[in-house]
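For reference, the chains in residue letters:
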Amino acid sequence: MNEQPLREPAFLVLTALAGGALHGYALVEDVLRLSDGQVRLHTGTLYGVLDRLREAGLIDVDREEIVDSRLRRYYALTDAGIERLAAETERMRRNANAAASRLRRLRPADGAI
Amino acid sequence: MRRRRDTPRTDGGARREPAAEAAAAEALERRYRWLLGWYPHVYRAANADDMLGVALARSASGQRWPEPGEAVNLIVSGIGERLGGILPRPDQQDTASVLAIAGPVLLAAIAGRTIAGRFMFTPAIIAFVTPHRIVVTGIAFAAWWALVALAGMLGWRRAAAAGACLGLAGQVVMLVLAVAGYSGPLMVSYWQAVVALVAAVSALGSLRGQGRPLSWRAIAALTAAAAILAGWPAVEVAFVTYTPITANSGTISDPLGGIAGWLNDGLFAATLILAAAAIAALRPAVRRRAAVLLLPAFVTTALVCWGFRGFLPGGLPLGLLMLSPLQWQDLVLVPVIGVVACFIGLRLYERRLRRREAEKAG
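Conventions adopted
- Residues numbered from 1 in each chain as written.
- Chains lettered and ligands numbered in written order.
- Predicted model: local features only at pLDDT ≥ 70, side-chain atom pairs only at ≥ 80, totals over all residues.
- Helix = DSSP H or I, 4+ residues; strand = E, 2+ residues; numbered from the N terminus.
- Buried ≥ 20, exposed ≤ 12 C-beta atoms within 10 Å, placed from the backbone.
- Contact = placed C-beta atoms within 7 Å.
- Nonpolar A, V, L, I, M, F, W, Y, C, P; charged D, E, K, R; others polar.
- Pairing = 2+ DSSP bridges.
- Axes fitted to C-alpha atoms, helices over the stretch in contact; angles between N-to-C directions.

Student: What's the story with the overall build of chain B in this structure? I'm lost.
Tutor: Along the backbone of chain B there are twelve helices and two strands. Starting at the N terminus, the α and β elements of chain B follow one another as α-α-α-α-α-α-α-α-α-β-β-α-α-α. Residues counted as buried form 36% of the 362 residues belonging to chain B. For chain B, the share of sequence-separated contacts (at least 6 apart) that also reach a separation of at least 24 residues comes to 74%.

Student: Help me understand the overall build of chain A in this model?
Tutor: Secondary structure summary: chain A contains four helices and three strands in total. In chain A, the succession of helices and strands from N to C terminus is α-β-α-α-β-β-α. A burial count over chain A gives 31% of its 113 residues as buried. Expressed as a percentage of contacts within chain A between residues at least 6 apart in sequence, the contacts between residues at least 24 apart total 44%.

Student: It is not clear to me how the interface of chain B and chain A should be interpreted in this structure. Could you clarify?
Tutor: How large an interface is tends to be reported as the accessible area lost when its parts come together. In this complex, chain B contributes 24 residues to the contact, which on the side of chain A involves 19 residues. Those elements that provide at least two residues to the side of chain B that touches chain A are helix H2 (41-58) and helix H3 (68-86) of chain B. Broken down by element, the side of chain B that touches chain A gets its largest block of residues, ten residues, from H2 of chain B. Taken together, the residues of the side of chain B that touches chain A break down into eight nonpolar, ten polar and six charged.

Student: Explain the sheet that holds strand E2 (residues 59-67) of chain A to me, please; I cannot follow it from the model alone.
Tutor: Sheet strands associate in pairs through backbone hydrogen bonding, adopting either a parallel or an antiparallel arrangement. Residue and element names in this part refer to chain A. Taken together, the three strands give an open sheet; going across it, the order is E1-E3-E2, and neighbouring strands pair in antiparallel fashion. Each end of this open sheet is capped by a strand with a single partner; those strands are strand E1 (22-23) and E2. The strands touched by helix H1 (residues 8-17) within the sheet are E1, E2 and strand E3 (70-77), with E3 carrying the most contacts at an inclination of about 90°.

Student: What's the story with unusual backbone geometry in this structure? I'm lost.
Tutor: Generally, phi is negative for residues other than glycine and the peptide bonds are trans, each holding for most cases. The phi torsion at Asp-36 of chain A lies on the positive side, around 55°, for a residue other than glycine. Note that Asp-36 of chain A resides in the loop between helix H2 (24-34) and helix H3 (43-55).

Student: Got a minute to help me understand the pairing of E3 of chain A in this structure?
Tutor: A regular strand carries its side chains on alternate faces of the sheet. Residue and element names in this part refer to chain A. The pairing of E1 with E3 spans two bridges and is classified as antiparallel. Of the residues in E3, the one forming a bridge with His-23 is Tyr-74. Judged from the eight bridges that link them, E2 and E3 form a sheet pairing that is antiparallel. Looking at the pairing, Val-61 lines up with Tyr-75 of E3.

Here you go:
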């Protein structure tokens with residue numbers, strides 16, 4: 001498994017899929033919501049991320065539907081994907097805690113961050 | 001501001017759209033299909049419908065043309081997917097990432113030499129030797145390629161690929177100007193365009209790679225080698241013997257005088273040692289591939305440099321008309337042979353690697 005930290009789009013896609021299986025456009029919208037409107041994935045970027053996550057075994061196709069004569073594919077987290085997302089979340093939490101702790105020392109008046 | 005659709009445009013036509021909107025939707029879909037044509041056939045067969053649904057759902061009601069950002073993203077991703085098919089193994093993609101950094105570093109260094117070259121001459125003849133526009137172009141290209149290299153080093157592959165493609169376009173313009181005799185030496189422009197092409201193709205081929213491709217040790221060695229290459233003329237000027245030409249025309253550097261000979265050799269050796277150190281700092285699988293690719297490149301460069309120096313001792317040609325048939329061969333045939341040798345060498349190496357893996361698995 002790749003030990004490199006996940007990039008933001010990949011992390012957000014995994015986070016979106018943690019809420020359940022989603023199709024491509026629903027993923028774009030959910031990632032936009034999760035990132036407070038900061039990350040709007042382009043189509044090429046989204047499918048690049050999905051391909052890499054599938055190759056790494058972190059997600060898989062859940063089901064396919066035909067809507068208006070067009071294929072719509074739903075993606076879901078695999079067990080490995082759930083583990084990876086948990087590990088990545090823990091890594092980010094540790095980093096955030098460390099940063100918050102240092103900031104509290106710098107700006108004690110601000111209280112808890 | 002145009003309102004985006006809340007749901008994908010795949011709702012089965014539950015409501016009747018006005019004729020104009022239907023025509024716009026049809027035009028938009030046709031254009032998106034054309035953009036998806038940049039992807040390989042196999043990929044398209046598997047994903048085009050799904051991707052088209054997403055792209056159309058992202059669009060606004062009545063929109064006829066894809067957004068520029070979305071269009072560029074699909075084209076770059078499609079090319080990346082095509083090249084990714086050529087380089088399916090992570091080691092190959094990492095090798096391409098290394099070339100996608102080494103190329104821009106080299107181009108930044110060459111462009112930097114143009115600026116450093118000003119120090120080779122005294123102010124009296126500086127305007128003749130390096131006109132102002134050439135220095136400005138040199139600064140612009142040095143800065144651009146340095147940024148592309150930095151993006152590659154940080155693992156920002158899409159930014160590096162887009163930058164390399166734009167840089168290639170700029171180098172091609174410079175080559176055209178050189179052919180017309182309006183820009184710097186033809187051979188330099190030609191090689192810059194060739195290196196930019198290799199960098200752009202490598203950057204696109206490495207789009208599917210992950211993480212930072214170079215260690216900090218390799219980056220430090222590569223940057224130091226580039227700095228020597230770029231600053232060479234400026235260092236040289238401190239040691240070179242100057243020979244007066246006439247009383248009024250100032251002086252010109254004499255590259256063969258004094259200690260310039262061993263200084264050149266020393267700087268050349270230092271550059272090579274640092275480049276070798278950068279290659280040595282790569283992962284073994286990437287290092288071997290980089291060595292297989294770079295060896296013919298070094299031989300080709302040496303052949304071309306020696307060939308031109310021998311055929312035209314008075315300096316580099318400034319336009320196509322000044323090239324002799326032998327120089328034409330040198331300019332065209334040697335690089336072609338070099339590139340073919342690179343690919344044959346790499347294919348043989350990959351085949352040997354696969355055979356070894358099969359033997360191990362068996």
